[in-house]
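# Coordinates in review
If you want the building blocks of each chain, they are given just below.
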Amino acid sequence: ATTATATTAITTTTTTTTPSLLSSPLRPFPHLSPSTQLPVRAMSTTVFAKDTVKSIEKLALTAPFPTPDPFLFCVYHKDKYPAGDAQMQAPRLGNGQDFNPNADYRMYHGKRIPGFPSHPHRGFETITATLPGSGCIDHCDSLGNAGRYGHGDLQWMTAGKGVMHSEMFPLINGDKPNPFRFFQIWLNLPKKSKMVDPAFVMHWSEDIPRFSADEGKVNVTLYAGKIDDKTALAPTPASWASDPANEVNVWFINLKPGGTYSLPLSSSDAVERYMYVVEGSGVSVNEQQVKYRHMAKLKSARATQLKNLSEVETDVLILQGKPIAEPVAQYGPFVMNTRDEIQQAFADFQVTRFGGWPWDSDAQTFPQTKGRFALQNKVETFPPNKEE
């Protein structure tokens, strides 16, 4: 769901422009702690090389982060929404393009309820990972699937040959603030999988693997991949992450003051690994400091130790994967291999609308009293504990 400005040209390995697309009337929106005792991972004694960090870059936290192949896009959403009214609306009206980085919260493409009304995707996947304590996202799509998730849940959606979906952020709490904190990550699909049938899976917070290390001073969440003997919940079947040989990992690591954590090694430095410091003061990586609002490109097959030398908690996100290493042609939420395929995506969408929109509103939300749920293929499922 989430970019601050509209894409104005197809992006490939070389810069191109496509007047026929730019003049098209169709302008799809470019996209958008558990209290239980956690198992403990033992620390090992290892010699850590200082050349593990390839480079460090400053981040604009309200803009998409640079990402390694096979990833396309990553945004960290942090919005301090106030209490909502009886219709779960914000106090102010959005302008349709509200990405103001200096505001306490943003309306994005929403009007009175923030979020991203219906828009198409083709050729990639979205991983939307909410953090504990975050508000809920209402999802609807052109296949009739839907859901409400938050509070540490994750939704994994493969767009494949094409899907329309919406992501709205209803302000469910009417008597207290509605803080939102989540990542949206775009994972590319290889050419052989770009036209698979759309699919999505919901990973409830209660089921997502988490563990602690360094005497409870480090907490790790596995959104994708594995660490030691712990494996994340399965992605959608056609995902690049579904093959363990691709070494796709998405980890969220919270380090308390003094916390130390050693990252597992990949099979080769050809496997890309980026680290983003999204909260706190910073983290030491093999004695090299990476500050808050900075990212580090790491050598994934080198022993890597993270240390929080500050007096405040620090949160980092790790993205890792074997590159797909294919050409990328992108226009907003269409990601293919060639310009011709992008133009075909526009043509297909104009004819089929990727199945149409079966919902009453392009910014569909669910009743305030409805809890977390997932509706897929007309079957409704719920988290293990339905009480919030």
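First things first, this report covers the structure right here in the doc. All figures in this text were calculated on a predicted structure; none of them were measured in a lab.

## With respect to the packing of aromatic side chains
If you walk through the whole model with that rule in mind, you get 23 aromatic pairs. Relative to Tyr105, the ring of Tyr81 lies with its centre 5.2 Å away and its plane at 50 degrees, an arrangement referred to as tilted. One end of the pair, Tyr81, is in strand β3 (residues 71–81); the other, Tyr105, is in the loop between β3 and β4 (115–121), and 24 residues separate them in sequence. Comparing Tyr81 with Tyr105 shows no difference in burial state: the two are buried. Aromatic pair Tyr274 and Tyr276: ring centres 6.4 Å apart, planes at 55 degrees, arrangement tilted. Of the residues examined, Tyr274 reaches a relative accessible area of 8% and is grouped as buried. Assessed through its relative accessible area of 0%, Tyr276 is described here as buried. Aromatic ring contacts, followed pair by pair, group Tyr81, Phe99, Tyr105, Tyr108, Phe116, Phe169, Phe180 and Phe182 into a single cluster. A cation over an aromatic ring shows up here: Lys230 above the ring of Phe211, its NZ or CZ 5.2 Å from the ring centre.

## Considerations on the sheet that holds strand β19 (residues 282–285)
The pairing of strands in a sheet happens through backbone hydrogen bonds and is either parallel or antiparallel. On the basis of which strands lie adjacent, the open sheet formed by 4 strands has the order β17-β22-β19-β20 and antiparallel pairing. Single-partner strands in this sheet number two, and they are β17 (260–263) and β20 (288–291). Taken over all neighbouring pairs, the strand axes of this sheet differ in orientation by 25 degrees on average, direction set aside.

## Focus: the sheet that holds strand β11 (residues 199–203)
Within the open sheet, the 5 strands sit side by side as β3-β10-β5-β8-β11. Their pairing is antiparallel. Each having just a single partner strand, β3 and β11 make up the two edges of the open sheet. Strand-to-strand twist across the sheet, computed as the mean angle between neighbouring axes with direction ignored, equals 10 degrees. Sheet analysis places strand β5 (residues 124–130) next to strand β10 (residues 178–188), joined by 7 bridges and oriented antiparallel. Paired with Thr128 across the two strands is Gln184, which belongs to β10.

About the thresholds
- Residues numbered from 1 in each chain as written.
- Predicted model: local features only at pLDDT ≥ 70, side-chain atom pairs only at ≥ 80, totals over all residues.
- Heavy atoms only, no water.
- Phe/Tyr/Trp six-rings, centres within 6.5 Å; stacked < 30°, edge-to-face > 60°.
- Helix = DSSP H or I, 4+ residues; strand = E, 2+ residues; numbered from the N terminus.
- Buried < 20%, exposed > 50% of the residue type's maximum accessible area, 1.4 Å probe, protein only.
- Lys NZ or Arg CZ within 6 Å of the ring centre and 35° of its normal.
- Pairing = 2+ DSSP bridges.
- Axes fitted to C-alpha atoms, helices over the stretch in contact; angles between N-to-C directions.

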